[in-house]
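Chain residues, written in single-letter form:
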Amino acid sequence: MTTLADVARQAGVSPATVSRIVSGSSKAVSDELRERVLKVVRELHYVPNAHAQLLARSDRTTVGVIVHDVSDPYFAEITRGLQRVAAEQGRLVIICNSYRDPDRELAYVELLRAQQAEAIILAGSGYLDPAFTKALTTQLAAFAATGGRVTVVGRHELVGDAVLPANEEGGFLIASAVFDAGHRHVGVLAAPPELTTTTDRLAGLRRAAKEKRRPIPRRRICYTSFDRDGGAAAAAALLDAEPHLTALIAMNDTMATGALSLLRERGISVPGEVSVVGFDDMPIARDLTPSLTTVRLPLIEIGARAITLALQAPHRTPRREVAPVELVFRESLAPPATGRNGHAVTRGSVAPQGNRPRANER
């Protein structure tokens with residue numbers, strides 16, 4: 001481990017000066033000197049000895065959880081699961097919202113290290129950004145080296161144990177359901193392309209499209225924000241560009257909710273004219289009108305498993321647990337409406353009820 005003397009030597013100051021600057025007890029140093037010393041502290045990943053001793057003790061009780069936004073139902077469910085286990089184990093949970101800002105995520109990791117957290121859990125999509133991933137991995141490795149525990153949810157290339165939602169498999173299942181229902185003109189409401197969750201779910205969708213021989217052109221994939229407004233905006237853009245679409249696949253249920261709202265405003269019936277499906281199976285999915293066909297992830301269990309791994313003794317090699325997915329059929333998916341000649345009905349016309357069977361609830 002880096003020592004106070006190492007920092008002093010590289011910064012060209014005395015150990016006493018480093019100690020006063022790190023502890024914040026000295027106001028008699030220049031801003032230039034303070035910044036020089038703190039830069040070396042960051043570069044060497046120095047943790048003061050007192051902090052390191054606390055990190056190594058077994059009676060630490062704080063777990064830091066970094067999520068994109070706890071008001072998002074996806075993260076709210078995961079948080080429910082991990083807080084339940086934390087309460088049972090006598091741990092205090094600190095929730096940090098990064099709002100999908102990589103720099104804020106890095107700052108939270110550093111802050112939780114300073115707060116002597118027992119463990120750090122990062123929940124949510126990673127970023128397709130090698131520089132950020134390297135910086136975050138370095139910080140987490142420094143935390144782990146001083147006795148901290150790290151668990152990630154939905155990330156691929158980070159230090160520590162991981163609980164990985166089967167996003168690719170879920171994308172395959174939901175897209176296959178849409179294609180098997182007979183849809184050929186399909187639009188996709190995709191989340192930001194820099195998120196690994198997006199790439200994973202799209203990979204499953206593309207695999208289904210290839211196996212079912214139902215290609216989805218790039219123009220039918222609209223990237224947008226991972227929320228209700230993003231779903232509504234993407235649905236509007238796709239339908240304006242290609243009004244003959246008969247199905248919309250949303251990358252999560254919140255986006256699907258936005259799409260349903262947009263279709264309702266335009267007087268387009270679901271699933272009579274356009275089918276809509278989602279991903280995650282949020283609690284509200286069954287209460288929407290129509291109820292939403294989606295992919296179920298065991299989000300509460302994912303949270304519970306993440307903190308359980310974080311509170312266990314470290315393993316010789318990082319543990320990887322895959323959270324399974326399940327296809328849930330409800331009312332929002334049905335075969336495309338067809339006329340007497342067997343061709344899809346254009347927007348505004350009505351198909352016989354017998355040609356629009358409703359999916360079974362499961």
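Relevant structure appears above.
Model, not experiment: these values are computed from the prediction. (Residues numbered from 1 in each chain as written. Predicted model: local features only at pLDDT ≥ 70, side-chain atom pairs only at ≥ 80, totals over all residues. Heavy atoms only, no water.)

## Quick look at helix α3 (residues 31–44)
Taking 1.5 Å of rise per residue, the 14 residues of α3 would be expected to cover 20 Å, and the 20 Å separating its terminal C-alpha atoms lies within 8% of that figure. Of the positions making up α3, those classed as buried are L33, V37, V40 and V41. Down the axis of α3, the buried side of the element spans an arc of 105 degrees, and every buried residue falls inside it. Along α3, the residues that are exposed and aim more than 90 degrees away from the buried face are D31 and E32. After α3 finishes, the residue H45 shows a positive phi value of roughly 55 degrees. (Helix = DSSP H or I, 4+ residues; strand = E, 2+ residues; numbered from the N terminus. Expected span 1.5 Å × (residues − 1). Buried < 20%, exposed > 50% of the residue type's maximum accessible area, 1.4 Å probe, protein only. Arc of directions from axis to C-beta.)

## Describing the packing of aromatic side chains
For the structure shown, the criterion picks out 2 aromatic pairs. Measuring from centroid to centroid gives 5.0 Å for Y74 and F75, while their planes differ by 80 degrees, and the two rings are edge-to-face. Residue Y74 is classed as buried on the basis of its relative accessible area of 11%. The exposure class of F75 is buried, given its relative accessible area of 3%. For R201, the ring lying beneath its charged end belongs to F279, and the centroid distance is 3.7 Å. (Phe/Tyr/Trp six-rings, centres within 6.5 Å; stacked < 30°, edge-to-face > 60°. Lys NZ or Arg CZ within 6 Å of the ring centre and 35° of its normal.)

## Some thoughts on the packing of helix α10 (residues 228–241) against helix α11 (residues 253–265)
Look at α10 against α11: their axes get within 6 Å of each other, and the N-to-C directions meet at 50 degrees. Of the possible angle classes, the one that applies to α10 and α11 is oblique. Relative to α11, α10 is oriented so that their crossing is right-handed. Packed against α10, whose contacting residues are R228, G231, A232, A235, A236 and L239, the element α11 presents T254, M255, T257, G258, A259, S261, L262 and L263 at the interface. Residue composition of the contact of α10 with α11, grouped by class: 8 nonpolar, 5 polar and 1 charged. (Axes fitted to C-alpha atoms, helices over the stretch in contact; angles between N-to-C directions. Parallel < 35°, antiparallel > 145°, perpendicular 65-115°, else oblique. Left-handed = near helix turned anticlockwise from the far one by under 90°. Contact = heavy atoms within 4.5 Å. Nonpolar A, V, L, I, M, F, W, Y, C, P; charged D, E, K, R; others polar.)

## Section: the sheet that holds strand β9 (residues 275–277)
The 4 strands lie next to each other as β7-β6-β8-β9, forming an open sheet whose pairing is parallel. Of all the strands in the sheet, the pair left with one neighbour each is β7 (221–223) and β9. Shown here is a sheet whose adjacent strand axes are inclined to one another by a mean of 15 degrees, direction ignored. Of the pairings in the sheet, the one linking strand β6 (residues 186–190) to β7 comprises 3 bridges and is parallel in character. Counterpart to V188 in the pairing with β7 is I221. (Pairing = 2+ DSSP bridges.)

## Points about the pairing of strand β2 (residues 92–97)
Strand direction decides the pairing type here: strand β1 (residues 62–67) and β2, joined by 6 bridges, are parallel. Across the sheet, G64 pairs through a bridge with I94, a residue of β2. Assessed by its sense of winding, the connection that carries the chain from β1 through helix α5 (residues 73–88) to β2 is right-handed. (Right-handed = clockwise from strand over helix to strand, strands pointing away.)

## A short note on the nonpolar core
For soluble globular proteins, nonpolar side chains are generally found buried alongside one another. In terms of nonpolar packing, the biggest core is built from 96 residues, with I249, M251 and V276 touching the most fellow members. The element that contributes the greatest number of residues to this core is helix α12 (residues 299–311), accounting for 7 residues. Not counting residues up to four positions away in its chain, the partners in contact with V276 are L248, A256, A259, L260, L263, V270, L292, T293, S332 and L333. (Core = buried A, V, L, I, M, F, W, Y, C linked by side-chain atoms within 4.5 Å.)

## Describing the packing of α5 against α12
It is the contact of α5 with α12, at a shortest axis distance of 7 Å, that shows an interaxial angle of 45 degrees. Classed by the angle they form, the pair α5 and α12 counts as oblique. For the pair α5 and α12, the sense of crossing is right-handed. Contacts between α5 and α12 pair Y74, E77, I78, R80, G81, L82, R84, V85 and A86 from the former with L299, I300, E301, I302, G303, A304, I307 and T308 from the latter. Taken together, the residues that form the contact of α5 with α12 break down as 10 nonpolar, 3 polar and 4 charged.

## Describing the side chain of H183
In this fold, H183 is placed in the loop between α8 (167–180) and β6. Polar contacts involving the side chain of H183 include one to the side chain of T246, which spans 2.7 Å. The residues contacting H183, other than those within four sequence positions of it, are V178, R214, T246, A247, S275, L333, A334, P335 and P336. (Polar contact = N/O pair within 3.5 Å; in protein donor to acceptor, adjacent residues only side chain to side chain.)

## Quick notes on α5
End to end, α5 covers 23 Å across 16 residues, agreeing with the expected 22 Å (1.5 Å per residue, within 8%). Among the residues of α5, the N-terminal cap falls to D72, whose side-chain oxygen and the backbone nitrogen of Y74 are separated by 2.8 Å. In the segment just after α5, G90 is the residue with positive phi, at about 70 degrees.

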